[in-house]
Amino acid sequence: MSFGNKIRNLRAENKLTQSDLASKLGVSTRTIYNYEKGNLFPKDIKVIKGLAEIFNVTTDYIMDEIDVKIMPEEESTFINYAKDNFGYKGKKEVEQLIEKTAAIFAGGTLSEEDQDKFFESITKLYFDAKRKARDKYGRQSSK
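Residues numbered from 1 in each chain as written. Predicted model: local features only at pLDDT ≥ 70, side-chain atom pairs only at ≥ 80, totals over all residues. Heavy atoms only, no water.

Student: Report on the packing of aromatic side chains, specifying residues and quantitative values.
Tutor: As enumerated under the stated definition, the model contains 3 aromatic pairs in all. Ring centres 5.7 Å apart and planes at 75° place the aromatic pair F3 and Y35 in the edge-to-face group. Remark: Y35 occurs in helix α3 (residues 29–37) and F3 occurs in helix α1 (residues 3–13); sequence separation between them is 32 residues. With respect to class, F3 is no different from Y35; both count as buried. Ring plane angle 75° and centroid distance 5.2 Å describe the contact between Y126 and F127, whose orientation is recorded as edge-to-face. Here F127 falls in the buried class, since its relative accessible area comes to 6%. One aromatic cluster is present, formed by F3, Y35 and F41 through successive ring pairs. (Phe/Tyr/Trp six-rings, centres within 6.5 Å; stacked < 30°, edge-to-face > 60°. Helix = DSSP H or I, 4+ residues; strand = E, 2+ residues; numbered from the N terminus. Buried < 20%, exposed > 50% of the residue type's maximum accessible area, 1.4 Å probe, protein only.)

Student: Outline the side chain of E36, listing residues and values.
Tutor: With respect to the secondary-structure elements, E36 resides in helix α3. Residues in contact with E36, not counting those within four places in the same chain, are G4, N5, I7, R8, R11 and Q18. (Contact = heavy atoms within 4.5 Å.)

Student: Break down the pattern of salt bridges for me, with residues and values.
Tutor: Per the stated rule, a full pass over the model turns up 4 salt bridges. When the shortest N-O distance is used, the salt bridge between K130 and E93 registers 3.0 Å. One end of the pair, K130, is in helix α7 (residues 112–137); the other, E93, is in helix α6 (residues 73–105), and 37 residues separate them in sequence. (Salt bridge = Lys/Arg side-chain N within 4 Å of Asp/Glu carboxyl O.)

Student: If you had to explain α3 to someone new, which residues and values would you point to?
Tutor: What α3 keeps buried is the set T31, I32, N34, Y35 and E36. Contacts made by the buried residues of α3 are with α1, α2 (18–25) and α4 (45–55).

Student: Please provide a residue-by-residue account of unusual backbone geometry, values included.
Tutor: Positive phi, normally seen in glycine, also occurs at K15, with a value near 55°. Tracing the backbone through its elements, the reader meets K15 in the loop between α1 and α2. Classification of K15 as exposed rests on a relative accessible area of 73%. Phi is positive for N56, close to 55°, though the residue is something other than glycine. Among the secondary structure elements, N56 is positioned in the loop between α4 and α5 (59–63). Taking the relative accessible area as the measure of exposure, N56 reaches 37% and is therefore partly exposed.

Student: Got a sec to walk through the layout of surface pockets? Specific residues and values, please.
Tutor: Of the volumes computed, that of the second largest pocket is approximately 180 Å³. Around the second largest pocket sit K46, K49, G50, E53, K83, Y88, K91 and K92, which together line it. Mapped by element, the contributors of at least two residues to the lining of the second largest pocket are α4 and α6. Of the residues that constitute the lining of the second largest pocket, the class distribution is 1 nonpolar, 1 polar and 6 charged. (1 Å grid on protein atoms, 1.4 Å probe; cavity = no way out; pocket = protein on both sides within 12 Å on 5 of 7 lines; lining within 4 Å. Points joined across faces, edges and corners; volume = space filled by probe spheres on them. Nonpolar A, V, L, I, M, F, W, Y, C, P; charged D, E, K, R; others polar.)

Student: So what's going on with the nonpolar core? Residues and values would help.
Tutor: Note on soluble globular proteins: their nonpolar side chains tend to be buried together. Membership of the largest hydrophobic core comes to 17 residues, with the highest contact counts inside it found for F3, L21, L51, F55, V57 and I62. Contributing elements (two or more residues each) for this core: α1, α2, α3, α4 and α5. The dominant element in this core, judged by the number of residues it contributes, is α4, at 5 residues. Residues contacting F55, with those up to four places away along its chain left out, are I7, L10, R11, N14, L16 and L21. (Core = buried A, V, L, I, M, F, W, Y, C linked by side-chain atoms within 4.5 Å.)

All we've got here are geometric facts, nothing functional implied.
Written out as structure tokens, the structure is:
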């Protein structure tokens, strides 16, 4: 499915008008129209990431011909936990970590069970490192 068709379908599924989507994304309604018609493709990765966030899909789904569009629940939970506990910077770090580790699974050599175990391990390592950094470098309470 083309980029334009994906955007049109996702927008319709989410009951958004072109104007609604443009407002959420910070672009003009004309830009959304041109995306959907296939006349224009985003030049800024922030737009792709914004679309993925608005529609709760992966950037891969937006960019590629991949049919799996819903962000896995574990991934969404991981990102939300990072945001809640470590703020916007933590959320962005987790998203980058997920994007970088996605390449490991691209070849399809790991079973789904092994992928889940890997993801759990990475999640634990990430949060352990964040907690240690917070304990070591965070604000010290005055007693």
